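Residue-level structural notes
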Amino acid sequence: MDAPKFIYHLRKKIEKEKNLIATALVDGRISKDDYDKSIGKANGFTIVLDILTEMSKNLEDINDN
């Protein structure tokens, strides 16, 4: 698998996991004890998504040249 496809796949997988956490928080399926851990995990996913988005932009720029 080439790098852009891998980054796209990883980004989609992380987005799905982040959405699952957000949905669980809204629906109240996460206990109070797990709340802080889930919020931290979701914030970490957001950071990773930002990094992957920037990486994919940079790869697109490289491939265009």
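Below: a short report on this structure. (Residues numbered from 1 in each chain as written. Predicted model: local features only at pLDDT ≥ 70, side-chain atom pairs only at ≥ 80, totals over all residues. Heavy atoms only, no water.)

**Notes on the overall build of the protein**
Defined as follows: Secondary structure elements are taken from DSSP: a helix is a run of H or I of four residues or more, a strand is a run of E of two residues or more, and numbering for both begins at the N terminus. Working definition: with a 1.4 Å probe on protein chains only, accessible area under 20% of the residue-type maximum means buried, over 50% means exposed, and in between means partly exposed. Only heavy atoms enter the contact rule, under which two residues are in contact if any of them lie within 4.5 Å. Per-residue and other accessible areas were derived by the Shrake-Rupley procedure at a 1.4 Å probe size, with only the shown protein chains allowed to occlude residues.
The helix and strand tally for the protein stands at two helices and zero strands. Relative to its full complement of 65 residues, the protein shows a buried share of 17%. Taking all contacts inside the protein whose residues are at least 6 apart in sequence as the whole, residues at least 24 apart take part in 71%. Counting every atom, the protein has about 5100 Å² of accessible surface; 56% of that belongs to carbon and sulfur.

**Topic: the pattern of salt bridges**
Condition: Here a salt bridge means any side-chain nitrogen of Lys or Arg lying within 4 Å of a carboxyl oxygen belonging to Asp or Glu.
Enumeration according to the criterion identifies three salt bridges in this entry. Two residues, Glu15 and Lys12, come together in a salt bridge whose shortest N-O distance is 3.4 Å. Placement of the pair is Glu15 and Lys12 together in helix α1 (residues 3–27), with a separation of three residues, close to one helical turn. Among the salt bridges present, the one from Arg29 reaches Asp27, with a minimum N-O distance of 3.4 Å. Judged by its relative accessible area of 57%, Arg29 is exposed. If you follow the salt bridges from partner to partner, you end up with Arg11, Lys12 and Glu15 in one network.

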